[in-house]
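The residues making up each chain are set out below.
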Amino acid sequence: MNRTHPFRPALLLASLALTAVGCTSSQPAVKPVVDKPVAAPTGPVSISNRAMLLFDDAVKSFDAQKKAKAFDYPSLERKFKAAAEADQNLAEAEYNLGVIAERMGKPDEAKARYQAALTKKPSLRQASDNLAIMRQNSGDVAGAVALYQDVLTRYPDDAGSRARLAEIYRQNNDHDKAMELSRAALMRDPANTNALKVMIRSYLERKQLAMAKLVALRAVKLDGADPELHHAVGLILQKEGDVAGARLQFKSALEAKADYVPSHVALAQLALDAEDFPGAEEHLRRILQADGKNAAAHVDLGIALKGQGQYDKAMQEYDEAEKLNPELGATYLNRGIILHKVKDAPERAVELYRKYVALAGGEVALNGEAPVFGLLREAESIVQAKREAKSAEEQAKQMEALQAQQQAAMKAEEAKQKGQPAPNAATPVSGDGTAPKATPAAGTGNPPAAATPAGGTPAAPAQKNAAPADSDEPTDDLL
């Protein structure tokens, strides 16, 4: 199959954009403080037996669905609502309804549930943590810090809030403070993997790969079911140049969680680099299942389809990417390559290459040896060659028309000459253009003129039809 390979710089740009959107290795979205509903309530407030039974039944349903990896959140919501309605003091049921609302994509309802849980039970610090996390993920860093510090004021030994504060400092490039808070969290909870993740990211960003690997392997031993930890080990191995090992770690992350997007992103990029286009397509489609509005993923999927010779489908992906993000330059570059190399439309390709250069900041911003300039020159030369060929073709047609006119004129002249007598030719009486014929002796043609004597006086013409002379008649001699 005739295959046009992807343009590698464009691929790199698209993949980097994709990583920025989908990968959470640098600035991850913080997860809720608990990954499942809190256990049965404890404390001085007495809860009715009916409410406790309903609550226990809801928690068992959640555990069963988690084991089956198939959640029915509306069903769980009904069960926890029944428990909360059975006893208004059951703050844990209110909190769990907040967790479910958050998972169902209802952030406002989740916040209201967490606030209600804190009103009923101020000591339920998980609700405060999750409110802080929601603020952090929404960009309200100051509000999140205030809530974390409030938790630490009330619970000085809380490791979770310290780990999350450490992540905020790391994101603001204060690695010293981030490491300090992470170590303080681990002193209070040696199994706190959030603190270990902060340390891994901090070491990675400072290119201390040996320390990052050491901490990552420790974290994997603590929680081998956490996909983020396997992914972190994969990133370290990738930076060390161990592509095969990195690929295995990314696959391990997907074994832990099949829809873990960052590992799909990393594996898609590795597959594109190796020109394993079917493999790249598989991972990119999983990314788009999780986030259909990821423009960079659509561009990379177009590259994978182009690598398989599916040019029209690739163009559809580029169209979708342009709708989602008109400022993504890789869209125009890769579309231009297909128009240039496959569709024989270099004029349109030139426009798209120039648009890519403009979006990249102009010729000054790009390296003078960037491949786009070579593609642009090649496409422009093809356009010029087409123009010259078209001009030559038009001139050839004009010459053919002129020659045809000249030949027609020559033929007309020849025909005209054939229809007239030749110069100095005798013209017959009949005027039919034929040459005069000799008259035989017995013919009726005119006799030849009489000869003129030497004296100059012409002899009398002979008498027509004269009678033969009689020898007996006397002759008249004139003297």
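Each chain has its residues counted from 1, running along the sequence as written. Local features in this predicted model are restricted to residues whose pLDDT is 70 or higher, and side-chain atom pairs enter the listing and the counts only when it is 80 or higher, whereas totals over whole chains, interfaces and linings include all residues. Values shown for side chains rest on all heavy atoms present in the structure; no hydrogens or waters enter the calculation.

### Comments concerning the packing of helix α19 (residues 346-359) against helix α20 (residues 371-418)
Interhelical geometry of α19 versus α20 gives an angle of 150° and a closest axis separation of 9 Å. Judged on the interaxial angle alone, α20 and α19 are roughly antiparallel. When you trace α19 past α20, the crossing you get is left-handed. Judged by residue contacts, Pro346, Glu347, Val350, Tyr353, Arg354, Tyr356 and Val357 of α19 engage Val372, Phe373, Leu375, Leu376, Ala379, Glu380, Ile382, Val383 and Lys386 from α20. A class-by-class count of the residues in the contact of α19 with α20 yields 12 nonpolar, no polar and four charged. Comment: axis = line fitted to C-alpha atoms, over the contacting stretch for helices; angle = value between 0 and 180 degrees taken between N-to-C directions. Helix and strand labels come from DSSP, where a helix needs a run of H or I of at least four residues and a strand needs a run of E of at least two; each type is numbered from the N terminus. Oblique is the label for any angle not under 35 degrees, not over 145, and not in the 65 to 115 range, which are roughly parallel, roughly antiparallel and roughly perpendicular in turn. In this scheme the crossing of two helices becomes right-handed for a clockwise turn of the near helix relative to the far one and left-handed for an anticlockwise turn of less than a right angle. The contact definition used throughout considers only heavy atoms, calling two residues in contact when any of these lie within 4.5 Å. Under the convention adopted here, Pro, Cys and the residues Ala, Val, Leu, Ile, Met, Phe, Trp and Tyr are nonpolar, Asp, Glu, Lys and Arg are charged, and Gly plus all remaining residues are polar.

### A short note on the side chain of Glu317
The topology assignment puts Glu317 in helix α17 (residues 311-324). If we ignore the near neighbours within four places in the chain, the residues touching Glu317 are His298, Leu301, Gly302 and Leu305.

### As for helix α5 (residues 107-120)
Expected helix span is given by 1.5 Å per residue-to-residue step, counting one fewer step than there are residues. For α5, spanning 14 residues, the distance from its first C-alpha to its last is 20 Å, which sits close to the expected 20 Å at 1.5 Å a residue. In this scheme, a residue with accessible area under 20% of its type's maximum is buried, one over 50% is exposed, and one in between is partly exposed, where area comes from a 1.4 Å probe on protein chains only. When α5 is considered as a whole, its buried residues turn out to be Ala110, Arg113, Tyr114, Ala117 and Leu118. One face of α5 carries all of its buried residues, which in axial projection span an arc of 135°. In α5, the exposed residues that point more than 90 degrees away from the buried face are Asp108 and Thr119. Those residues of α5 that are buried lie in contact with α3 (73-86), α4 (91-103) and α6 (125-137). Here the arc refers to the set of directions running from the helix axis out to each C-beta atom.

### Considerations on the nonpolar core
Core analysis: the largest hydrophobic core is formed by 45 residues, its most contacted members being Leu284, Val299, Tyr318, Tyr353 and Val372. Elements represented by at least two residues in this core include exactly α14 (261-273), α15 (277-290), α16 (295-307), α17, α18 (329-341), α19 and α20. In terms of residue count, the dominant contributor to this core is α16 (eight residues). Residues belong to one nonpolar core when they are buried, are Ala, Val, Leu, Ile, Met, Phe, Trp, Tyr or Cys, and are joined through side-chain atoms within 4.5 Å.

### Regarding the UniProt feature "repeat: TPR" (unreviewed entry) in the chain
UniProt positions are given in the numbering used here, feature names are shortened, and annotations may be inferred rather than shown by experiment. Feature annotation in UniProt assigns "repeat: TPR" (unreviewed entry) to the following positions: residues 91-124, 159-192 and 295-328. Along residues 91-124 the backbone is 79% helical and 0% strand, and the end-to-end C-alpha distance reaches 8 Å. Across residues 295-328, helical content stands at 79% and strand content at 0%; the span's end C-alpha atoms are separated by 8 Å.

### Overview of helix α2 (residues 49-68)
Over its 20 residues, α2 runs 29 Å from end to end, which matches the ideal 28 Å to within 8%, given 1.5 Å per residue. The complete set of buried residues in α2 reads Ala51, Phe55, Ala58, Val59, Ser61, Phe62 and Gln65. The arc that holds the buried residues of α2, viewed along the axis, is 155°, so those residues lie on one side. α2 presents Asn49, Arg50, Leu53, Lys60, Lys67 and Ala68 as exposed residues on the side facing more than 90 degrees away from its buried surface. Buried residues along α2 sit in contact with α3 and α4.

### Structural notes on the pattern of salt bridges
Once the charged atoms of two side chains with opposite charge are near each other, the side chains can pair. For this document, the term salt bridge refers to a Lys or Arg side-chain nitrogen within 4 Å of an Asp or Glu carboxyl oxygen. Across all of its chains, the model carries 26 salt bridges by this definition. The closest approach of N and O atoms between Lys120 and Glu94, which form a salt bridge, is 2.9 Å. Highlighted residues: Lys120 in helix α5 and Glu94 in helix α4, separated in sequence by 26 residues. Residue Lys120 is classed as partly exposed on the basis of its relative accessible area, which comes to 30%. A relative accessible area of 8% means that Glu94 is categorised as buried. What you see here is one network of salt bridges that share partners, running through Glu167, Arg170, Lys197, Arg201, Glu205, Asp226 and Glu228.

### Quick notes on the packing of aromatic side chains
What describes a pair of aromatic rings is the distance from one ring centre to the other and the angle between the planes of the rings. In summary, the pairing rule links any two rings of Phe, Tyr or Trp, Trp by its six-membered ring, whose centres are within 6.5 Å, and it sorts them by plane angle into stacked for under 30 degrees, edge-to-face for over 60 and tilted for everything else. Under the counting rule described, the total for this entry stands at four aromatic pairs. Look at Phe55 and Phe80: their rings are 5.8 Å apart centre to centre, the planes differ by 70°, and that puts the pair in the edge-to-face class. Of this pair, Phe55 sits in helix α2 while Phe80 is found in helix α3, placing the two residues 25 residues apart along the sequence. Taking the relative accessible area as the measure of exposure, Phe55 reaches 0% and is therefore buried. For the ring pair Phe62 and Phe71, a centre distance of 5.3 Å and an interplane angle of 40° mean the geometry is tilted. Feature note: the residues Phe62, Phe71 and Tyr73 constitute an aromatic cluster, connected by ring pairs. Cation placement over rings: the criterion is NZ of Lys or CZ of Arg within 6 Å of the ring centroid and within 35° of the ring normal. It is Arg103 that lies over the ring of Phe71; its NZ or CZ is 5.4 Å from the centre.

### Comments concerning the environment of Gln249
Following the sequence through the fold, Gln249 ends up in helix α13 (residues 243-256). Here the alpha-carbon distance between Gln249 and Pro227, two residues 22 residues apart in the chain, equals 9.3 Å. Once residues within four sequence positions are removed from consideration, Gln249 is found in contact with His230, Val233, Gly234 and Leu237.

### Examining the packing of α18 against α19
When two helices pack together, their arrangement is given by the angle between the helix axes and by the axis-to-axis distance. Where α18 contacts α19, the two axes come as close as 8 Å, and the packing angle between them is 160°. The orientation of α18 relative to α19 falls into the category roughly antiparallel. Where α18 crosses over α19, the two elements pack in a sense that is left-handed. Across the interface between the two elements, Gly329, Ala330, Tyr332, Leu333, Arg335, Gly336, Ile337, Leu339 and His340 of α18 pack against Pro346, Arg348, Ala349, Leu352, Tyr353, Lys355, Tyr356 and Leu359 of α19. Of the residues contributing to the contact of α18 with α19, the split by class is 11 nonpolar, three polar and three charged.

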